[in-house]
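Fold and contact review
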Amino acid sequence: MSSYENKTWKIVVEILKVYAQMLNNIADLEEATGKRFDEYLKELLTPARFVELYEKMPPDIYGELMALLFRLATLSSIVQNPIILPTDEKRRIASEILKISESLEKIILKLGAR
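Before going into details, it helps to say that this report is about the structure given with it. It should be emphasised that the depicted structure is a prediction, and the values quoted were computed from it without experimental measurement.

Cut-off values and rules
- Residues numbered from 1 in each chain as written.
- Predicted model: local features only at pLDDT ≥ 70, side-chain atom pairs only at ≥ 80, totals over all residues.
- Heavy atoms only, no water.
- Helix = DSSP H or I, 4+ residues; strand = E, 2+ residues; numbered from the N terminus.
- Polar contact = N/O pair within 3.5 Å; in protein donor to acceptor, adjacent residues only side chain to side chain.
- Phe/Tyr/Trp six-rings, centres within 6.5 Å; stacked < 30°, edge-to-face > 60°.
- 1 Å grid on protein atoms, 1.4 Å probe; cavity = no way out; pocket = protein on both sides within 12 Å on 5 of 7 lines; lining within 4 Å.
- Points joined across faces, edges and corners; volume = space filled by probe spheres on them.
- Nonpolar A, V, L, I, M, F, W, Y, C, P; charged D, E, K, R; others polar.

1. What to know about the environment of Glu 96
Residue placement: Glu 96 occurs in helix α5 (residues 87-112). With 21 residues separating them in the primary sequence, Glu 96 and Leu 75 have C-alpha atoms 8.4 Å apart. For Glu 96, the side chain forms a polar contact with the side chain of Arg 71, separated by 2.9 Å.

What follows is the structure in structure tokens.
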């Protein structure tokens, strides 16, 4: 097997591991809430829930959260099938997703500290 074939198989293995981890995390949440993930996510993203968050969160944190959600929505509307994107676009989107996830983690930590 060539080094590129070997690297490709290693990437496939890594993708499978990440996918399995994601499915296990979703299953854990479903067991804890008694709801399917998509149902719980829909509830989390309703206008009524956003109003509730607006009333409970400090304005600066709420603003950060809304900005992140808009960035994520914009990104997801662009990316239908990331595998077929040009290499530079894959890297740009990966970088943006990492920035969004890091910012979201910071918001979660801020909220947990309150």
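2. What about the packing of aromatic side chains?
All told, the structure shown has 1 aromatic pair when counted by the stated rule. Pairing Tyr 54 with Tyr 62 gives two aromatic rings, centres 5.3 Å apart and planes at 70°, and the pair type is edge-to-face.

3. Overview of the layout of surface pockets
Put simply, the largest pocket is a space of about 520 Å³. Together, 15 residues line the largest pocket, and Pro 82, Ile 83, Lys 90, Ile 93 and Ala 94 are the ones closest to its centre. Looking at the lining of the largest pocket, the element that brings in the most residues is α5, giving 6 residues. Each residue belonging to the lining of the largest pocket can be placed in one class, and the counts come to 11 nonpolar, 2 polar and 2 charged. One number sums up the size of the second largest pocket: a volume of about 450 Å³. For the second largest pocket, the lining is made up of 16 residues, of which Leu 44, Leu 65, Leu 69, Leu 104 and Ile 108 are closest to its centre.

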